[in-house]
Each structure stands twice: as structure tokens, then as C-alpha cells.
Amino acid sequence: MDGRLETRSSPHRYVWPSELDLMARLAGMTLRERWAGWRREPFTGDSTSHISVWQRS
């Protein structure tokens, strides 16, 4: 390296689970399961992450 700092940006934003549910519904899918993490902890209003599974309606 020559000591220079190189940065890059990408336009991302947080998507709420309800927004994902709407997009899935518009695509003909329904929510099958949602957990707070990979160990299938219950998803609550205090959850900081989620694992969501949708299926075709």
C-alpha cells in the first residue's frame, strides 16, 4: 500500500420487516415463519434482527 485511504459508498437503507412482508405479498407470497435469529429465537418488538421465510401463496 502507498498510505492512501480509499473509500466507497453504496446506497442502502434499513428495510422494516413489514415492508418486506408487503413486497412479498405483492409478489404472491405469504410469511411462513419469522425468528429473531438463526437459533429461532422469538421475534419481538425488541428484536434487532430477523430471519423471515416466505412461501408462494
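See the structure printed just above.
The structure reproduced in this document is the subject of the present report. Computed from a predicted model, the values in this text were never measured in an experiment. Just so you know, the residues in each chain are numbered from 1, in the order the chain's sequence is written. The model is predicted, so local features are restricted to residues of pLDDT at least 70 and side-chain atom pairs to those at 80 or more, both for listing and for counting; the totals for chains, interfaces and linings are taken over all residues. The side-chain values count all of the structure's non-hydrogen atoms but skip hydrogen atoms and water molecules.

A negative phi holds for most residues other than glycine; trans holds for most peptide bonds. Positive phi, close to 65 degrees, is recorded for Arg40, a residue that is not glycine. Numbered from the N terminus, helices here are DSSP runs of H or I no shorter than four residues, and strands are runs of E no shorter than two. Within the secondary structure, Arg40 sits in the loop between β1 (29-35) and β2 (51-56). Residue burial is assigned from relative accessible area. The probe radius is 1.4 Å, only protein chains are included, and a residue is buried under 20% of its type maximum, exposed over 50%, and partly exposed in between. Judged by its relative accessible area of 55%, Arg40 falls in the exposed class.

Only centres within 6.5 Å qualify two rings of Phe, Tyr or Trp (six-membered ring in Trp) as a pair; their planes then separate them into stacked at under 30 degrees, edge-to-face at over 60, and tilted for everything else. Scanning the model with the defined rule gives 1 aromatic pair in all. A centroid spacing of 4.8 Å and a plane angle of 75 degrees characterise the contact between Tyr14 and Trp16, whose relative ring orientation is edge-to-face. The exposure class of Tyr14 is partly exposed, given its relative accessible area of 46%. On the basis of relative accessible area, Trp16 is assigned to the exposed category, the value being 53%. Positioned over the ring face of Phe43 is Arg34, at 5.6 Å from the centre of the ring. Any Lys NZ or Arg CZ that is within 6 Å of a ring centre and within 35 degrees of that ring's normal is treated as a charge sitting over the ring.

On to the pattern of salt bridges. The salt bridge criterion pairs a side-chain nitrogen of Lys or Arg with a carboxyl oxygen of Asp or Glu, the two atoms within 4 Å. The full count for this structure, using the stated rule, is 5 salt bridges. The shortest N-O distance in the salt bridge between Arg4 and Asp2 comes to 2.9 Å. This pair shows no difference in class: Arg4 is exposed, exactly as Asp2 is. Its salt-bridge partner being Glu33, residue Arg32 comes within 3.4 Å of it at the nearest N-O pair. The exposure class assigned to Glu33 is partly exposed, which follows from its relative accessible area of 24%.

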